[in-house]
Amino acid sequence: MIFIPSLLILTNLQETSSHGDHPLSRIAIHEATLALTPLAYVEASPSILGLTTGQNSEWVTVEYSTPIPSVDDWIGVFSPANFSASTCPSENPRVYPPLLCSAPIKFQYANYSSPQYKDTGKGSLKLQMINQRSDFSFALFTGGFLNPKLVAVSNKVAFSNPNAPAYPRLAQGKKWDEMTVTWTSGYGISEAEPFVEWGPKGGVPIHSPAGTLTFERSSMCGAPARTVGWRDPGYIHTSFLKELWPNAVYAYKLGHRLFNCTYIWSKEYQFKAPPYPGQDSVQRVVIFGDMGKGEVDGSSEYNDFQPGSLNTTKQLVQDLKNIDIVFHIGDICYANGYLSQWDQFTAQIEPIASSVPYMIASGNHERDWPGTGSFYGNMDSGGECGVLAQTMFYAPTENREKFWYSTGYGMFRFCIADTEHDWREGTEQYKFIEHCLASVDRHKQPWLIFLAHRVLGYSSDFSYAIEGSFEEPMGRESLQKLWQKYKVDIAMFGHVHNYERTCPIYQIRQTVRNTPILYAAALILKAPIIESQANTLLNCICQIFLLQNICTSKEKHSYKGNLNGTIHVAAGGAGASLSPFTTLQTAWSLYKDYDHGFVKLTAFDHSNLLFEYKKSRDGKVYDSFTISRDYRDILACTVGSCPSTTLAS
């Protein structure tokens, strides 16, 4: 009888936690009132930032004073600097807009670094500012977040060229010898021509043109992205660098040719071209989900993202010479509709994304919004409905709205699914997944990896255990047979903010045709004892009880030969607030860790792969395994995958 409530749970899509309110959403900016105080002031210095070419980040000192200090006073950073009612769109011409209609881009309590502020009324902050294509001002508020009163506003602070190109993001193109460069600037195509100057390091550079995209407030699907979270995204440019030589090092810099024939440049960067498909060389891949952004100055803290996100970023930067490509599998920056956060995230990952391909997958915090075609009807994207992720980052999809794609890297083939769209059998995405898995040449690319945001495989996370599914409801029901048929080595997921690794799993379906069992089942459920109905009922019971998830090996760290199953990994602990495990013990779970971390895969050759789980706090390896095999092991039959022997054979 246990299966009845389980069946009811499985028939409903359970919404997972949205991980708390975004810190900017706690500020009731529409309720702000004027309380300008003559003796209060805010001063920021320096007033001009980024005087060096390519300098897109700088620290600002903010000093402030008020004659009536309070413990809930706070400093808000606004951009553009003029954040008054004049910038607020009016929904109705007869109704005046609010005093303020734009959330700050970051904030901090006035007493954060000045413990005596409550007594003296004087304080100071050091805040890191990045180039976000407009000027800044710093405002002192009293009344807390729910009843903010504007006490004083600072002088304006601006970068010397706020429109300068910034935050390059590399990604693989649709061909193995193609790299794409995406960046952000304040120059539209009516002002300047965007391009990339690039070539072999030390060689003669060439220019490749770039396409330009942007979007409007009307492109957003709801609040806050369409209201207080809206901020002009500037222009997003993408250039395609083609016919790369395998493993060659290329230098590049971003450029804009103004129509007065002057040039605006970024600083110079470099990257290593991908290996040829099947190339036998050491290839290193980092994979994680749910990193989010942190603030090095401690502002706008969101669910402990600062230590996790910043530590993960730091470890990747320190080990960058040993990383070839990165996959961030969903829940990118948790902007949740506050568009300024995307600039801050791309600035955070610039040292990584400007040097190696930074590939993303779509997560619930990028895509989900009711009535927009997402598989889940929740509001986790804050009204972004995929627009920001699909525009800010390039991925070799056939259609940006359908964010699934395949890409290879040397001996690896990656099939990246979009869990925010329907993946079940018969859908367009299901057909893509099968084609991606079926079309790989395992002689060239023996290491077949499936990536997605939500857990479509196995997880002991508390949220999945309480559903009774240990997976996204309906997650593996359609995909399990594809993983098995095409011998996927590792399936890796985010969404749950922890780390877990399973044994190699093969799911076996067993059919029971025993009349006494049929009748017993019917009696238990008080159904009429009619064999045809009992058969139908039994089929349901078989689906619940008789799908046996078999560990195909007792080995835990050194796999040799055919895996006979797929190893499932949850790697969603790169930065977001951690998620607990269930206390229930599952036979398939080998290693769990309630901490921030990421995964690294190293293919030494066609026969040897190293898997490592590293903690973000120290970069040390806490879980690992190896796979050693020959090509014939991949060709060999797995459980139930070979045709039955016939008399002729």
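Structure: see above.
A. The pairing of strand β21 (residues 358-361), seen in detail. Burial along β21 is two-sided: the residues Tyr 358 and Ile 360 and Met 359 and Ala 361 are all buried. As defined by bridge partners, strand β20 (residues 325-329) adjoins β21 across four bridges and the pair is classed as parallel. The residue of β21 that forms the bridge with His 328 is Ile 360.

B. The packing of aromatic side chains, seen in detail. Scanning the entire structure with this criterion turns up 38 aromatic pairs. Ring centres 5.6 Å apart and planes at 20° place the aromatic pair Tyr 250 and Phe 271 in the stacked group. One end of the pair, Tyr 250, is in strand β16 (residues 249-258); the other, Phe 271, is in strand β18 (residues 269-272), with 21 residues separating them in the sequence. By relative accessible area, Tyr 250 is classed as buried at 6%. Of the aromatic side chains, those joined through ring pairs into one cluster are Trp 74, Phe 78, Phe 83, Phe 107, Tyr 109, Phe 141 and Phe 145. In this structure, Lys 253 packs its charged tip against the face of Trp 265, placed 4.4 Å from the ring centre. Here Arg 476 stacks its cationic end above the ring of Tyr 458, 4.0 Å away from the centre of that ring.

C. Region of interest: the environment of Ala 465. Tracing the chain through its elements places Ala 465 in helix α9 (residues 462-467). The class for Ala 465 is buried, based on a relative accessible area of 12%. Sequence separation between Ala 465 and Thr 582 is 117 residues; the distance between their C-alpha atoms is 6.2 Å. Among all residues touching Ala 465, those that are not within four sequence positions of it are Phe 470 and Thr 582.

D. Up close: the sheet that holds strand β1 (residues 33-34). Strand order in the open sheet made by the five strands is β1-β9-β8-β5-β6, with mixed pairing throughout. Each of the sheet's edge strands pairs with one partner strand only, and the pair in question is β1 and β6 (106-109). As judged from the two bridges shared by β1 and strand β9 (residues 149-153), these two strands associate in the parallel manner. Bridge pairing in β9 places Leu 34 opposite Leu 150.

E. Main features of helix α10 (residues 476-485). A large share of α10 lies buried, amounting to seven of its 10 residues. Taken residue by residue, α10 has Arg 476, Ser 478, Leu 479, Gln 480, Leu 482, Trp 483 and Gln 484 as its buried positions. Once α10 ends, the next one or two residues include Lys 487, with phi positive near 55°.

F. Inspection of the sheet that holds strand β7 (residues 122-130) at higher detail. Strand order across the open sheet formed by three strands is β2-β4-β7, with antiparallel pairing between neighbours. The sheet terminates laterally at β2 (41-45) and β7, the two strands that pair on one side only. When the angles between neighbouring strand axes are averaged without regard to direction, this sheet yields 20°.

G. How the structure looks around the environment of Gly 386. Residue position: Gly 386 is located in the loop between α6 (364-367) and α7 (387-392). The exposure class assigned to Gly 386 is buried, which follows from its relative accessible area of 2%. Sequence spacing of Gly 386 and Ser 374 is 12 residues, and the spatial spacing of their C-alpha atoms is 9.4 Å. With residues near it in sequence (within four places) discarded, Gly 386 still touches Glu 366 and Arg 367.

H. Summary view of helix α8 (residues 428-438). Of all the positions in α8, only Gln 429, Tyr 430, Phe 432, Ile 433, Cys 436 and Leu 437 are classed as buried. All buried residues of α8 lie within an arc of 160° about the axis, which places them on one face of the element. Along α8, the residues that are exposed and aim more than 90 degrees away from the buried face are Lys 431 and His 435. Next to the buried residues of α8 lie β22 (405-409), β23 (412-416), β24 (447-452) and α10.

I. How the structure looks around the state of the cysteines. All chains considered together, the criterion is met by three disulfides. Here Cys 415 engages in a disulfide with Cys 436; their sulfurs sit 2.0 Å apart. Because the torsion about its S-S bond is -95°, the bridge between Cys 415 and Cys 436 counts as left-handed. Residue Cys 415 is located in strand β23, and its partner Cys 436 is located in helix α8; the two are separated by 21 residues in the primary sequence. Looking at Cys 415, the relative accessible area reads 1%, which means it is buried. Here Cys 503 pairs with Cys 551 through a disulfide, and the sulfurs are 2.0 Å apart. Here the disulfide of Cys 503 and Cys 551 is left-handed, its torsion about the S-S bond being about -75°. Pair noted here: Cys 503 is in strand β26 (residues 499-509) and Cys 551 is in strand β27 (residues 547-551), with a separation of 48 residues, a long-range link. In this structure Cys 503 comes out as buried when scored by relative accessible area, which is 1%. The exposure class assigned to Cys 551 is partly exposed, which follows from its relative accessible area of 29%.

Conventions we followed
- Residues numbered from 1 in each chain as written.
- Predicted model: local features only at pLDDT ≥ 70, side-chain atom pairs only at ≥ 80, totals over all residues.
- Heavy atoms only, no water.
- Buried < 20%, exposed > 50% of the residue type's maximum accessible area, 1.4 Å probe, protein only.
- Helix = DSSP H or I, 4+ residues; strand = E, 2+ residues; numbered from the N terminus.
- Pairing = 2+ DSSP bridges.
- Phe/Tyr/Trp six-rings, centres within 6.5 Å; stacked < 30°, edge-to-face > 60°.
- Lys NZ or Arg CZ within 6 Å of the ring centre and 35° of its normal.
- Contact = heavy atoms within 4.5 Å.
- Axes fitted to C-alpha atoms, helices over the stretch in contact; angles between N-to-C directions.
- Arc of directions from axis to C-beta.
- Disulfide = S-S within 2.5 Å.

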